[in-house]
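Working through the structure, step by step
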Amino acid sequence: MDIIDALIMGIVQGLAEYLPVSSSGHLEICREVLGLKLQGADALEFTVVLHVATVLSTIVVLWREFSGLCTSFFTFKRDVNTRYVWKILLSCIPVAVVGLFFKDDVEKFFGSGLMVVGVCLMITAALLAFAYFYRSRPGMREHDITWADAFIIGCAQAVAVLPGLSRSGSTIATGLLLGDRRDNLAQFSFFMVIIPILGQALLDLKNMIGGVAVSSEAIGWQALLTGFLASFVVGCIACKWMIAIVKRGKLVWFAVYCAVMGIVCMVW
């Protein structure tokens, strides 16, 4: 992988991570279009590096909220912020189970072609469309995210590890179907991915130090750094944009986009 390829991949990741169009799916599309020969662990580890960049962009954009949550949680305050953090931790349990017991199975879907991506994009489109029309019914009342809602949204995040299933789209659409408040959903969705992504990054770092991972040879450190920086900068912009979109409830247009891209991938 050269620097230009890594730059393109980083831009795509930074934009698609926050928009409900599946960043992992679009990275698979980019690999196919650019002719990159990354498969299995190499493809997954490069994806993780780009996801770490967008996680950091989340922390930067939402720093005031993030710092408040950390202060309350680590000083053992019994307030709304501490309960919010515990809900985030609860939501991470399903994806942790997937990561611990099904990581090898998930790796097989990365770099395996666009048919899986196309099917998953169609599922994303259907979920976004259903959530939009369901929430458009008159008389719908919104409420704060409950403990049960947090766990169910976490299950949606665990399923969305497949390329083409949008993580933000799945979690936000699930929250909308549960009746959660729009102004809370995007922020909760972005915060809940921080722990699993950083945890996966630490595991990859451990493997690299132990000589197990080969991404540094297959991809190159310059390409990794370029992709990381591009993903971080674009992610900062896209994060603010997506929060505004969710508040306005305009996710249906992304359903149309995912459906079209899904068909293109399957035909390709």
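Residues numbered from 1 in each chain as written. Predicted model: local features only at pLDDT ≥ 70, side-chain atom pairs only at ≥ 80, totals over all residues. Heavy atoms only, no water.

1. Points about the side chain of Ser22
- Counting through the fold element by element, Ser22 comes out in the loop between helix 1 (3–16) and helix 2 (23–34).
- By relative accessible area, which is 1% here, Ser22 ends up buried.
- Of the polar contacts made by the side chain of Ser22, one reaches the backbone nitrogen of Gly25; its length is 2.9 Å.
- Leaving out residues up to four positions away in the same chain, Ser22 has contacts with Ala16, Leu121, Pro163, Gly164, Leu165 and Ser166. (Helix = DSSP H or I, 4+ residues; strand = E, 2+ residues; numbered from the N terminus. Buried < 20%, exposed > 50% of the residue type's maximum accessible area, 1.4 Å probe, protein only. Polar contact = N/O pair within 3.5 Å; in protein donor to acceptor, adjacent residues only side chain to side chain. Contact = heavy atoms within 4.5 Å.)

2. Describing a nonpolar patch on the surface
- A contiguous nonpolar surface patch, about 700 Å² in accessible area, is contributed by Ile93, Val97, Leu100, Phe101, Phe102, Phe151 and Ile152.
- Within the residue set of the nonpolar patch, elements represented by two or more residues are helix 6 (93–101) and helix 9 (147–159).
- Tallying contributions element by element places helix 6 first for the nonpolar patch, with four residues.
- Structurally, Ile93 can be placed in helix 6.
- For Ile93, a relative accessible area of 44% translates into the label partly exposed. (Patch = residues over 30% accessible without salt bridge, like charges linked within 9 Å, V, L, I, M, F, W, Y side chains within 5 Å. Areas by Shrake-Rupley, 256 points an atom, 1.4 Å probe, with all protein chains shown as cover. Salt bridge = Lys/Arg side-chain N within 4 Å of Asp/Glu carboxyl O.)

3. Some details on the packing of aromatic side chains
- Scanning all chains against the criterion turns up eight aromatic pairs.
- Centroid distance Phe73 to Trp86: 5.4 Å. Interplanar angle 65 degrees. Geometry classified as edge-to-face. In this pair, Phe73 is assigned in helix 4 (residues 63–74) and Trp86 in helix 5 (residues 80–91), connecting sequence segments 13 residues apart.
- Look at Trp86 and you get partly exposed, because its relative accessible area is 46%.
- Measuring from ring centre to ring centre gives 6.0 Å for Phe130 and Tyr134, while their planes differ by 25 degrees; the resulting arrangement is stacked. Residue Phe130 and its partner Tyr134 are located together in helix 8 (residues 115–135), separated by four residues, close to a single helical turn.
- Within the aromatic cluster, the residues linked to one another by ring pairs are Trp63, Phe66 and Phe191. (Phe/Tyr/Trp six-rings, centres within 6.5 Å; stacked < 30°, edge-to-face > 60°.)

4. Some words on the pattern of salt bridges
- Considering all chains together, one arrives at four salt bridges under this definition.
- Arg181 is the salt-bridge partner of Asp144, the closest N and O atoms lying 2.9 Å from each other. Remark: Arg181 occurs in the loop between helix 10 (167–178) and helix 11 (182–192) and Asp144 occurs in the loop between helix 8 and helix 9; sequence separation between them is 37 residues.
- On the basis of relative accessibility, which here comes to 44%, the residue Asp144 falls in the partly exposed class.

5. So, helix 15 (residues 252–267)
- If you check helix 15, its first and last C-alpha atoms are 23 Å apart, about what 16 residues at 1.5 Å a residue would give, namely 22 Å.
- Within helix 15, the full set of buried residues consists of Val252, Phe254, Ala255, Cys258, Met261, Gly262 and Cys265.
- Check the buried side of helix 15 and you find it contacts helix 2, helix 8 and helix 14 (221–248). (Expected span 1.5 Å × (residues − 1).)

6. Structural notes on the packing of helix 5 against helix 11
- Running from N to C, helix 5 and helix 11 cross one another at 60 degrees; their axes reach a closest spacing of 10 Å. On the basis of their axis angle, the class for helix 5 and helix 11 is oblique. Once helix 5 is placed against helix 11, the crossing between them reads as right-handed. Contact residues: Tyr84, Lys87, Ile88 and Ser91 in helix 5; Asn184, Gln187, Phe188, Phe191 and Met192 in helix 11.
- Here the residues of the contact of helix 5 with helix 11 sort into five nonpolar, three polar and one charged. (Axes fitted to C-alpha atoms, helices over the stretch in contact; angles between N-to-C directions. Parallel < 35°, antiparallel > 145°, perpendicular 65-115°, else oblique. Left-handed = near helix turned anticlockwise from the far one by under 90°. Nonpolar A, V, L, I, M, F, W, Y, C, P; charged D, E, K, R; others polar.)

7. Remarks on the confidence of the model for the protein chain
- Of all residues in the protein chain, 88% have pLDDT values of 70 or greater, and the mean over the chain is 84.
- Every residue in residues 212–216 is under pLDDT 50, and counting partners more than four places away or in other chains gives 12 contacts. (pLDDT = per-residue confidence, 0-100.)

8. Re the environment of Val106
- Here Val106 shows up in helix 7 (residues 103–107).
- Taking the C-alpha atoms as reference points, Val106 and Leu162, separated by 56 residues in sequence, lie 6.8 Å from one another.
- Residues within four places of Val106 in sequence aside, it is in contact with Val98 and Val161.

9. Details of the nonpolar core
- Grouped together as the largest cluster of nonpolar side chains are 50 residues, with contacts concentrated most on Phe188, Phe191, Met242 and Leu251.
- Aside from chain neighbours lying at most four places away, what touches Phe188 is Tyr84, Lys87, Ile88, Ser91, Ile145, Ala150 and Ile153.
- By size, the runner-up hydrophobic cluster in this structure holds eight residues, among which are Met9, Cys30, Leu36 and Leu224. (Core = buried A, V, L, I, M, F, W, Y, C linked by side-chain atoms within 4.5 Å.)

10. Overview of the environment of Gln13
- Along the polypeptide, Gln13 turns up in helix 1.
- As a C-alpha pair, Gln13 and Phe228 span 215 residues in sequence and 9.4 Å in three-dimensional space.
- Those residues in contact with Gln13, other than ones at most four positions away along the chain, are Ser23, Leu27, Leu50, His51, Thr54 and Ser231.

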